[in-house]
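Report on the structure
Residues per chain, in single letters:
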Protein chains: 4
Amino acid sequence: MNTVIPRRRKEARPGELAAAALELFVERGFAATRLEDVAARAGVSKGTVYLYFENKEALFKSAVETAMMPALEAAEALADESERPAAELLRCFVMGWWQMIGTNTIGGLPKLLVAEAGNFPEMAGWFYESIMLRAKRAMARIIELGIRRGEFRPVEPELAARVVFGPMFSYILWQRAFKTFMHDLPSPERYLGEAVNLLTHGLANSDAAKDATP
Amino acid sequence: MNTVIPRRRKEARPGELAAAALELFVERGFAATRLEDVAARAGVSKGTVYLYFENKEALFKSAVETAMMPALEAAEALADESERPAAELLRCFVMGWWQMIGTNTIGGLPKLLVAEAGNFPEMAGWFYESIMLRAKRAMARIIELGIRRGEFRPVEPELAARVVFGPMFSYILWQRAFKTFMHDLPSPERYLGEAVNLLTHGLANSDAAKDATP
Amino acid sequence: MNTVIPRRRKEARPGELAAAALELFVERGFAATRLEDVAARAGVSKGTVYLYFENKEALFKSAVETAMMPALEAAEALADESERPAAELLRCFVMGWWQMIGTNTIGGLPKLLVAEAGNFPEMAGWFYESIMLRAKRAMARIIELGIRRGEFRPVEPELAARVVFGPMFSYILWQRAFKTFMHDLPSPERYLGEAVNLLTHGLANSDAAKDATP
Amino acid sequence: MNTVIPRRRKEARPGELAAAALELFVERGFAATRLEDVAARAGVSKGTVYLYFENKEALFKSAVETAMMPALEAAEALADESERPAAELLRCFVMGWWQMIGTNTIGGLPKLLVAEAGNFPEMAGWFYESIMLRAKRAMARIIELGIRRGEFRPVEPELAARVVFGPMFSYILWQRAFKTFMHDLPSPERYLGEAVNLLTHGLANSDAAKDATP
DNA sequence: CATGAATGAGTTTTCATTCAT
DNA sequence: TATGAATGAAAACTCATTCAT
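Given the structure is predicted, the values throughout are model-derived calculations rather than measurements.

Section: the protein's contact with DNA strand E
If you check the shell around DNA strand E, you find 36 residues, and the closest are Thr48(A), Tyr52(A), Tyr50(B), Arg13(C) and Tyr52(C). At the protein interface, 68% of the atoms of DNA strand E within 4 Å belong to sugar or phosphate. At 2.8 Å, a side-chain N or O of Arg13(A) approaches a phosphate oxygen of DNA strand E. Within the side chain of Tyr52(A), an N or O atom sits 2.4 Å from a phosphate oxygen of DNA strand E. Of all the secondary structure elements, the ones that give two or more residues to the surface near DNA strand E are helix H3 (46–52) of chain A, helix H3 (46–52) of chain B, helix H3 (46–52) of chain C together with helix H3 (46–52) of chain D. Broken down by class, the residue content of the surface near DNA strand E amounts to 10 nonpolar, 10 polar and 16 charged.

Right, here's the structure in full:
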């Protein structure tokens, strides 16, 4: 009688569970997320979780890893289309990154990993190095290119890249954490667009390069 | 000097407990923090916490509120010293903000509130509006000033202010969350200095303002 | 016959727990009863209680309600067999009430509710009105019948009914509370029989009805 | 500066504490009564209780004993005024007992001891034997007298005495436990008066002594 | 494979009891 | 004596984990 929708799946289960788990972990944090709620969201029962994952921590790690995979691959591909002007590459990188991260579930990872860094240092370290550092290097390469071509001023590429990530990272966190009460949250296009503009051209009016603290 | 075994501290205790609690909440999150550890860090026993706080949640709120008070006051004072050039005001704001926030325990609040926004929405909302929004407006006033004086390009002040906060916010979170494995974390002076430079002058070389937003 | 280790008892459990709880609550009172003891008496572990009841108070209320149900139903049925003489009806009522209440777990309710009336006023009120008041009215109806038929003197039925309940109520409490050290506790038959005799015929010798209330 | 009302007392303290304690114990039971509340009601601080009483149990026992003393003495005195008719003696006993018990704090003892009999058996036994048994015997003596004089029918005095106590005991418990929601609680005079009437003259109309289950 | 009842270790919370002042 | 801050044992409650079905 209760043979309603089952059958098929099985292969899909771990992924569905990891996805459901990620959503809740992002929303509530590791400790505050109940496995029963994860199971419910994935449409299975509590016990089923343990058929696919050793324990809560394993589920957590798996959820994070699963979400990171595509990001990891994509992070690489973003850089080397060196034909176009550096400023344009930079804009593309920022916007492309948003397409990839912002919309997706992956967008929750930064919030989750900031929150749990203290409790899962290895995982945080791994995330930092394989995603953030990698993305930063890709960005640095664009900046280097710009400098080499004379399009950009001779800044330190790594440091500048990190600065460029500031608004991107902030936006993704703000949007996750404070969306509800930010009645003034600008759209990603507006915010990130303006960020690129400012980072490329600066606030200063283009009459003479005044004091720049040399 | 007052090295007697400190008992009977009615006045001091709530503050000590709130401070100890904040440290642990920032480090581990709300759910993962054991009240007994908070008590131990404050040098008292489990039961003492309940002499001063209704329950764990009340302690949490009190810890956050206590930490926010000085920030709230300081957030106002930062803006109106309109004599100096706007770029300099902006730099001062960023650096001053770091002095106030970065060093201090308060610096943990953004991490904590990003992490717990989902579980304590009212508190997150309150934090966002009384600290972040207020700081953003102060920054916007500086930018407006710069525009009025012709020192800055005619950008949208509120939006630009938000962008300026991006790197500040990111730095404070990175530093809290990933410090341990960021073998390359730039000093605040270097990072924030560069951020101010880029935001003021842009990456672009000062030969002609190429078209950015086509 | 079902002597397998009884796990998976979803249907039976709430009732078993409520019954075990009632026994202990009656014996020790609400506050002095440990949930772990209730669980042990029901043959389950601490945590299981929370599978079926929100918290200790909910268990308490449920235990009382569960026990009251049969009493509630029976309380109604006791009255209207108007053929026999009123004195006989009264005797039957008292004896029947003892059969129903005295033997059973329900017999503990009066003790429990007297003890906890201050802490659970709504529950005590509910018990008073749905059990005691109802039973009193049933008794009053018998007395009214007796008066109408000229078998009883013209007393106030409600007041007299309440008096009749005095010994019944007392007996059930004495028996619960002081049984252990009442080396002289009369059997219910003896005590209640004598109570009925006295209430029907009085102590006074049947030579002239002296003035009692002058 | 805070020499407001103190001085004098000291001798009074234990009694005041015991009285305050009794009130709360009666209302809430032993376990549910917090020593801090007792102290507050007696107008002293928590620690002071331990100046006069070993611990909570000692306070409990002391509170009960203190309240029982007068009852113990009075219980004896009530009986032997053998001049008046037995029915009148009985009425006086019941009414006098109410004067002594009902009004007073002592009136709470039955409720308290019924509630705590399971947890404090020795105390309950002591109460039962020194108060209830003694009072029952006093009553039995009155009944014996009535029988000897031919005023009462030849009943078993001890058993009849116990029955007589039924309504008295019930009334004192009902009144304590259910007063709040008994919108129909008869006055003690009415209830006890009627009880005496019924027990003396019976419900039955004085035409022939019908079936009395011989 | 899947379920969900049951478990018990780990936390929160309460409050009798102590003790420095 | 009196106080009330502090303690810690004990009880309530939660939830990850197990396992019979």
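Description of the interface of chain C and chain D
Contact residues are listed per partner, giving 62 residues for chain C and 62 residues for chain D. For the chain C and chain D pair, buried surface summed over both sides reaches about 6000 Å², with 63% attributable to carbon and sulfur atoms. Taken as a group, Arg153(C), Arg162(C) and Leu203(C) account for 13% of the area that chain C buries against chain D, more than any other trio of residues on that side. In this assembly, chain C and chain D are joined by 6 salt bridges. A salt bridge links Arg162(D) to Asp184(C); the shortest N-O distance between them is 2.9 Å. At the junction of chain C and chain D, the tally comes to 23 residue pairs in polar contact (both at pLDDT 80 or more). Of all elements in the fold, only helix H1 (13–28), helix H5 (86–102), helix H6 (109–116), helix H7 (121–148), helix H8 (157–178) and helix H9 (188–201) of chain C reach the threshold of two or more residues within the side of chain C that touches chain D. Take the side of chain C that touches chain D: its biggest share by element is 13 residues, from H8(C). Looking at the side of chain C that touches chain D residue by residue, the class counts come to 36 nonpolar, 12 polar and 14 charged.

Overview of helix H8 (residues 157–178) of chain A
All names here are of chain A. Here H8 spans 31 Å end to end across 22 residues, near enough to the 32 Å set by a 1.5 Å rise per residue. By the largest-angle criterion, Phe165 marks the main kink of H8, which is about 30°, and a proline, Pro167, follows within four residues. The element H8 is largely enclosed, with a buried count of 20 among its 22 residues.

Digging into the relation of the copies chain C and chain D
Overlaying chain C with chain D gives an RMSD of 0.1 Å, the required rotation being 180° about an axis along which the chain moves by 0.0 Å. Expressed as a symmetry operation, the mapping of one chain copy onto the other fits a two-fold axis. Minimal C-alpha separation from the rotation axis in chain C is found for Gly202(C), amounting to 1.9 Å. Same-surface contact between copies: 98% of interface residues of chain C are shared with the interface of chain D.

Describing the protein's contact with DNA strand F
Close contacts around DNA strand F come from 36 residues, with Tyr50(A), Arg13(B), Tyr52(B), Thr48(D) and Tyr52(D) the closest. Among all atoms of DNA strand F positioned within 4 Å of the protein, those belonging to sugar or phosphate total 68%. Contacts to DNA strand F include Gly47(D), whose backbone N or O atom sits 3.3 Å from a base nitrogen. Here Tyr52(D) contributes a side-chain N or O atom positioned 2.5 Å from a phosphate oxygen of DNA strand F. Contributions of two or more residues to the surface near DNA strand F are made by H3 of chain A, H3 of chain B, H3 of chain C together with H3 of chain D. Classifying every residue of the surface near DNA strand F gives 10 nonpolar, 10 polar and 16 charged.

Quick notes on the rules
Residues numbered from 1 in each chain as written. Chains lettered and ligands numbered in written order. Predicted model: local features only at pLDDT ≥ 70, side-chain atom pairs only at ≥ 80, totals over all residues. Heavy atoms only, no water. Near = heavy atom within 4 Å. Polar contact = N/O pair within 3.5 Å; in protein donor to acceptor, adjacent residues only side chain to side chain. Helix = DSSP H or I, 4+ residues; strand = E, 2+ residues; numbered from the N terminus. Nonpolar A, V, L, I, M, F, W, Y, C, P; charged D, E, K, R; others polar. Contact = heavy atoms within 4.5 Å. Buried area = accessible area lost by both parts, 1.4 Å probe. Salt bridge = Lys/Arg side-chain N within 4 Å of Asp/Glu carboxyl O. Expected span 1.5 Å × (residues − 1). Bend = angle between axes of the 7 residues up to and from the residue. Buried < 20%, exposed > 50% of the residue type's maximum accessible area, 1.4 Å probe, protein only. Least-squares fit on C-alpha atoms with pLDDT ≥ 70 in both.

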